[in-house]
Number of protein chains: 2
Amino acid sequence: MRLAVAYDGTGFAGWARQPRLRTVQGCLEAALRAVVRVPGLVVTCAGRTDAGVHARGQVVHADIPRPMLAAIRGRSAQDWTAVLTRRLNGVLDDDVRIGSCVRAPAGFDARFAALWRRYAYRVCDEAANADPLLRRHVYLRPTPLDLAAMNTAAVALHGEHDFAAFCRARDGATTVRSLQRLTWERDADGLAVLHVQADAFCHHMVRGLAGALMSVGRGRQPVSWPAELLTARARQSTVVVAPAHGLTLEEVGYPPDEELAARVERTRAHRAPASQR
Amino acid sequence: MRLAVAYDGTGFAGWARQPRLRTVQGCLEAALRAVVRVPGLVVTCAGRTDAGVHARGQVVHADIPRPMLAAIRGRSAQDWTAVLTRRLNGVLDDDVRIGSCVRAPAGFDARFAALWRRYAYRVCDEAANADPLLRRHVYLRPTPLDLAAMNTAAVALHGEHDFAAFCRARDGATTVRSLQRLTWERDADGLAVLHVQADAFCHHMVRGLAGALMSVGRGRQPVSWPAELLTARARQSTVVVAPAHGLTLEEVGYPPDEELAARVERTRAHRAPASQR
């Protein structure tokens, strides 16, 4: 089964289940157990977001035996997907919503089948544009950002590189990633938005990239600096990790159904699992 | 002095100061007293929002003696407007922000000089579009709304009418208002948004209009029904007032500076003050 999930990360200690902490995974698993009585049910997501990070386009899968899914429908005229979506939303708190749940194609794995993840990092860099209604997912820091300078700096980071300088390292995991998009845009509300897309991200990588580029945008570092960091191959203390609440997982891309199994194979072979975000 | 103010209404018992309750007016007056030491300072706004109603474009004025404004600057290289904006934002909680503060033109009155107020009422009418990041200012009710039917019904309400059927009455106050805009649109996120503009609004009027039109949009009432309510000239219990949190005061319009004094005169003469929202 495949779920589309959105959440406000403010009230969660991140995605991953932890004892005695409220996490997205923990809440989803509890909701699924309440609605579909599968013992030991586990959910897997495409992007394991940190504490305070939000998601609009999180993708999740769970293995639920077919007869149990069929039984959800009961005497309803709707199919089980609509009934399950409504029941899960009825059980969940309103800071996490299920957009849809559908039968997953054979070989589907939310994490290993994903081709790419796209995140947005939102900054309000002018006090006059501060919108209290958006404060939970927009980083407010009223120092003007030079978007042109940040975009020039970003170009050198496109493509496949070792992003160790921007990440929190994990033993034995590669920090080589393929960056497909890294561009700042001014949105209709005057916010500066970093759009980032890659095959996958290492721990803290998006916030490290956002932080480094913002140092350029505020004139603290030269335009050439982010590219120079690539040669370091290890975490750099000069890279300030941007605050979690500005970051939102927007979308995850998958190959066509018939290529899912091959993609899962290839991803597992290429990357140590713990580094996949 | 004229202030541009935005707030998330969730944590406020409305605009108007009340003993022992957290209100926008109370917080603004306390912040101004902390920064500019004017005894008995009072602020006046363009649209006195109810508990739970938000504002992006609230306009506020306060009378502060010129020497006090000049003194705010101190030894700063900036002018007093920038210094005061920064200091007020430093004192205020992050659910209310000052966008700007400027010297008000002669005769300016945030309430009586306003030509029009524009509000937006936001509804998510499809579960798949529910965005937890917007849940504080979007009313989530996953029953599809027929925008075409609501817009047809709205046309008959345009112009000057007695909107008593949609309002909570106040003794002696007229409920005749001039509705300049009342249109539903689908926004980029798939939300249904009611844009409403009038010279001024009576108590609960926008939420009454939104509620009545949503009854049409869900097929519970015929398209002709809202126009028929206009003839009632008194509050109708069939009009369900839409929840406060979907409503945001977006913008307030004023005449050119040289026409401000005349506008204040005319407004005071036309309407009993207590009905002005």
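Note that the coordinates shown come from a computational prediction; the quantities given were computed from them, not determined experimentally.

Draft legend 1. Focus on the overall build of chain A. Helix and strand counts for chain A stand at seven helices and 10 strands. Over its C-alpha trace chain A gives a radius of gyration of 20 Å, about what one expects of a compact globule, namely 19 Å for 277 residues. Oriented by its inertia axes, the alpha-carbon framework of chain A measures out at about 65 × 45 × 35 Å. Buried positions account for 40% of the 277 residues belonging to chain A. A separation threshold of at least 6 residues defines the contact pool for chain A, and within that pool the share at least 24 residues apart is 70%.

Draft legend 2. Main features of the interface of chain A and chain B. Every contact between the two is made by 22 residues of chain A and, on the other side, 22 residues of chain B. Of all the secondary structure elements, the ones that give two or more residues to the side of chain A that touches chain B are β1 (2-7), β3 (54-62), α3 (80-91) and β4 (96-102) of chain A. Sorting elements by how many residues they give to the side of chain A that touches chain B places β4(A) first, with four residues. Each residue belonging to the side of chain A that touches chain B can be placed in one class, and the counts come to eight nonpolar, six polar and eight charged.

Draft legend 3. Structural context of the packing of helix α4 (residues 147-155) of chain A against helix α5 (residues 205-217) of chain A. Residue and element names in this part refer to chain A. In the contact formed by α4 and α5, the axes pass within 8 Å of each other and the chain directions differ by 130°. What the angle tells us is that α4 and α5 run oblique. Remark: the crossing between α4 and α5 carries right-handed chirality. When α4 is examined against α5, the residues Leu147, Ala149, Met150, Ala153 and Ala154 are found in contact with a partner set consisting of Leu213, Val216 and Gly217. Looking at the contact of α4 with α5, its residues break down into seven nonpolar, one polar and no charged.

Draft legend 4. Region of the structure containing the environment of Arg20(A). Mapped onto the elements, Arg20(A) comes out in the loop between β1 and α1 (24-35). Separated by 200 residues in the primary sequence, Arg20(A) and Arg220(A) have C-alpha atoms spaced 41 Å apart.

Draft legend 5. Expanded view of the domain arrangement of chain A. Residues and elements named next belong to chain A. Domain annotation of chain A identifies domain 1 (2-102) and domain 2 (116-254). For domain 1 versus domain 2, the separation of C-alpha centres amounts to 29 Å. Contacts between the two partners involve 15 residues from domain 1, matched on the other side by 11 residues from domain 2. Along the lines of polarity and charge, the residues of the side of domain 1 that touches domain 2 split into five nonpolar, seven polar and three charged.

Draft legend 6. Examining the relation of the copies chain A and chain B more closely. Mapping chain A onto chain B calls for a screw motion: a turn of 180° about the axis and a shift of 0.0 Å along it, with 0.0 Å RMSD after fitting. Both copies are brought into coincidence by an operation consistent with a two-fold rotation axis. Across chain A, the smallest distance between a C-alpha and the rotation axis is recorded for Leu134(A), namely 3.8 Å. A high fraction, 100%, of the interface residues of chain A reappear at the interface in chain B, so the copies pair face to face through one surface.

Draft legend 7. Region of interest: α1(A). All names here are of chain A. For α1, built from 12 residues, the straight-helix expectation of 16 Å at 1.5 Å per residue is met to within 8% by its first-to-last C-alpha distance of 17 Å. If you check which residues of α1 are buried, you get Val24, Leu28, Ala31 and Leu32. Buried residues of α1, viewed axially, fall in a sector of 100°; they line one side. Each element contacted by the buried residues of α1 is listed here: β1, β2 (43-45), β3, α3 and β4.

Draft legend 8. Region of the structure containing the nonpolar core. Leu213(A) and Leu213(B) are the most contacted members of the largest nonpolar core, which has 150 residues in total. Ignoring anything within four residues of it in the chain, the contact list for Leu213(B) reads Met150(B), Ala153(B), Ala154(B), Leu194(B) and Pro226(B).

Draft legend 9. Main features of the pairing of β3(A). Residues and elements named next belong to chain A. Looking at chain direction, β1 and β3 are connected through five bridges and run antiparallel. When the sheet's bridge partners are listed, Tyr7 is paired in β3 with Ala55. Sheet topology places β2 next to β3; three bridges connect them, and they run antiparallel. Bridged to Val43 within β3 is Ala62.

Draft legend 10. Region of interest: the environment of Ala154(A). Residues and elements named next belong to chain A. Position of Ala154 relative to the elements: it lies in helix α4. For Ala154, a count of 23 C-beta atoms within 10 Å puts it in the buried group. Counting along the chain gives 52 residues from Ala154 to Val206, while the straight-line C-alpha distance between them is 12 Å. With sequence-adjacent residues up to four places away left out, Ala154 is seen in contact with Leu182, Thr183 and Leu213.

Cut-off values and rules
- Residue positions within a chain follow its written sequence, with the count starting from 1.
- A letter from A marks each chain and a number from 1 marks each ligand, given out in the order of writing.
- pLDDT decides what is reported in this predicted model: residues at 70 or higher carry local features, side-chain atom pairs at 80 or more are listed and counted, and totals for whole chains, interfaces and linings draw on all residues regardless.
- A run of DSSP states H or I qualifies as a helix once it reaches four residues; a run of E qualifies as a strand once it reaches two. Both are numbered from the N-terminal end.
- In this treatment the radius of gyration is a C-alpha quantity, and the globule benchmark scales as 2.2 Å times the residue count to the 0.38 power.
- Between the buried cut of 20 or more and the exposed cut of 12 or fewer other C-beta atoms within 10 Å of a residue's own C-beta lies the partly exposed class, and all C-beta atoms are placed from the backbone.
- Working definition of a contact: two residues with C-beta atoms, positioned from the backbone, lying within 7 Å.
- Each residue receives one of three labels: charged for Asp, Glu, Lys and Arg, nonpolar for Ala, Val, Leu, Ile, Met, Phe, Trp, Tyr, Cys and Pro, and polar for the others, Gly being one of them.
- Here the axes come from fitting lines to C-alpha atoms, over the contacting stretch only for helices, and the angles between their N-to-C directions go from 0 to 180 degrees.
- Between 65 and 115 degrees an angle is taken as roughly perpendicular, under 35 as roughly parallel, over 145 as roughly antiparallel, and anywhere else as oblique.
- The hand of a helix crossing depends on one turn: near helix anticlockwise from the far one by less than a right angle means left-handed, and clockwise means right-handed.
- Domain ranges listed in this record stem from an automatic or a database domain assignment.
- Least-squares superposition aligns the copies on the C-alpha atoms of those residues with pLDDT at or above 70 in both.
- Helix span, as expected, comes to 1.5 Å for every residue beyond the first.
- Regarding the arc, it is the one traced by the directions from the helix axis to the C-beta atoms.
- Only buried residues count toward a nonpolar core: Ala, Val, Leu, Ile, Met, Phe, Trp, Tyr and Cys, linked into one set through C-beta atoms within 7 Å.
- Only when DSSP finds a minimum of two bridges between them are two strands counted as paired.

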